[in-house]
Amino acid sequence: MKIDSVKLVYFSPTQTTEKVLKAIAKGIGAGKVQDVNLTGPDSGPPADEPGEPTLYIFGFPVYGGRLPALAVKRFSKIKSSGMPAVIVVVYGNRAYDDSLLELRDLVSENGFIPIAGGAFIGEHSFANEHAPIAISRPDQKDLEKAQGFGTAIANCLRNMNAPDERKALRVPGNFPYREYRAPSGISPYTDTDLCSQCETCVDVCPTGAIHLDGEIMTNAERCIVCCACIKKCPGGARIREAPRIKKVVQWLSENFQQRKEPEIFC
Ligand SMILES: Cc1cc2nc3c(=O)[nH]c(=O)nc-3n(C[C@H](O)[C@H](O)[C@H](O)COP(=O)(O)O)c2cc1C
């Protein structure tokens, strides 16, 4: 099967998912690679399916063993009639539970044919120097694996006449998917002594929960605790102190330090 272009569709507040997808695309070596970044609050899906044969690579972070609900909502408008898709989840070294299965089902329902999948590891959104959970991942080794995965996908496509000739992609996970209650009403706040009002936090927030009104204001109801504002703040002014998150961070630090490796399914 000849593929003219690759489309990367992702939600990636702290950019680990984006890095993995870009490494896979590099390994595929397609002439044309398009970015559909669904992270921003105003991000819209590409309107129409392109005429040329396109491989879609979908990438989502894992939140509570599932796909982030907001990302699923943004993705839901992207439909196809039989284009091949690669599905990727990126998790913070705890577990990806049912997320890859959920992604496989989601893309299938929207008309894509999943031909391969991967679960990669990214620095945990809650990690910091006191809780170094999967810090600096994906690292060089992860990105080489992602690139190798891309090369394997390209070989597989070359030997394929049509994506539906393959047997259905099997990935780990259970249905019904595990329940996940997203944290609500808790958000980082701004230490005004450290804040220079540069508005980086406003720009990187995927839900538009932060704005400047004399000082930096955060709408806790909109916050999904993705921690992009904390990781990107140049002055270290975004602070996260919610007891529920503190407990989770402690639990993660105590139990999930042992390095996990990427897994590939095809
Ligand atoms: C609200 C929330 C829930 C998360 N749940 C999980 C989880 O269940 N398992 C896990 O290993 N990592 C979990 N993580 C960590 C992210 O999956 C991980 O840091 C990922 O690399 C973030 O992707 P991004 O950089 O593309 O935003 C969670 C992160 C957040 C913010």
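Residues numbered from 1 in each chain as written. Predicted model: local features only at pLDDT ≥ 70, side-chain atom pairs only at ≥ 80, totals over all residues. Heavy atoms only, no water.

Asks: Residues and numbers for the site of the ligand, please.
Replies: For the ligand, the set of nearby residues contains 25 residues, the closest of which are Ser12, Thr14, Thr16, Thr17 and Val62. Between the ligand and threonine 14, the relevant distance is 2.4 Å, taken from an oxygen atom to a side-chain nitrogen or oxygen of the residue. Between serine 125 and the ligand, the recorded distance is 2.8 Å, taken from a backbone N or O atom to an oxygen atom. If the ligand stood free it would expose 640 Å²; the protein chains cover 97% of that surface. Contributing elements (two or more residues each) for the shell around the ligand: helix H1 (16-28) and strand E4 (84-91). The class makeup of the residues in the shell around the ligand is eleven nonpolar, twelve polar and two charged. (Near = heavy atom within 4 Å. Polar contact = N/O pair within 3.5 Å; in protein donor to acceptor, adjacent residues only side chain to side chain. Areas by Shrake-Rupley, 256 points an atom, 1.4 Å probe, with all protein chains shown as cover. Helix = DSSP H or I, 4+ residues; strand = E, 2+ residues; numbered from the N terminus. Nonpolar A, V, L, I, M, F, W, Y, C, P; charged D, E, K, R; others polar.)

Asks: Could you give an account of the sheet that holds E4, with specific residues and numbers?
Replies: In space, the six strands of this open sheet follow the order E2-E1-E3-E4-E5-E10, with mixed pairing throughout. The open sheet has two edge strands with one neighbour each: strand E2 (32-37) and strand E10 (263-265). Going across the sheet, the axis of each strand differs from the next one's by a mean of 15°, ignoring polarity. Sheet topology note: the strand E5 (residues 113-121)/E10 ladder contains three bridges and is antiparallel. Bridging from a neighbouring strand, glycine 118 pairs with isoleucine 264 of E10. Across the sheet, helix H3 (residues 99-109) is in contact with strand E3 (54-61), E4, E5 and E10; its angle to E4 comes to roughly 150°. Contacts from helix H4 (residues 140-158) reach E3, E4, E5 and E10, with the element oriented near 170° to E5. (Pairing = 2+ DSSP bridges. Axes fitted to C-alpha atoms, helices over the stretch in contact; angles between N-to-C directions. Contact = heavy atoms within 4.5 Å.)

Asks: Kindly report on the packing of aromatic side chains, identifying the contributing residues and their values.
Replies: This structure, assessed with the given rule, holds nine aromatic pairs. Residues tyrosine 56 and phenylalanine 58 carry aromatic rings whose centres are separated by 5.8 Å and whose planes lie at 20° to one another, so their mutual orientation is stacked. For tyrosine 56, a relative accessible area of 2% corresponds to the buried category. Centroid distance phenylalanine 120 to phenylalanine 149: 6.3 Å. Interplanar angle 35°. Geometry classified as tilted. Of the two residues, phenylalanine 120 is situated in strand E5 and phenylalanine 149 in helix H4; the sequence distance between them amounts to 29 residues. Like phenylalanine 120, the residue phenylalanine 149 is buried in the burial classification. (Phe/Tyr/Trp six-rings, centres within 6.5 Å; stacked < 30°, edge-to-face > 60°. Buried < 20%, exposed > 50% of the residue type's maximum accessible area, 1.4 Å probe, protein only.)

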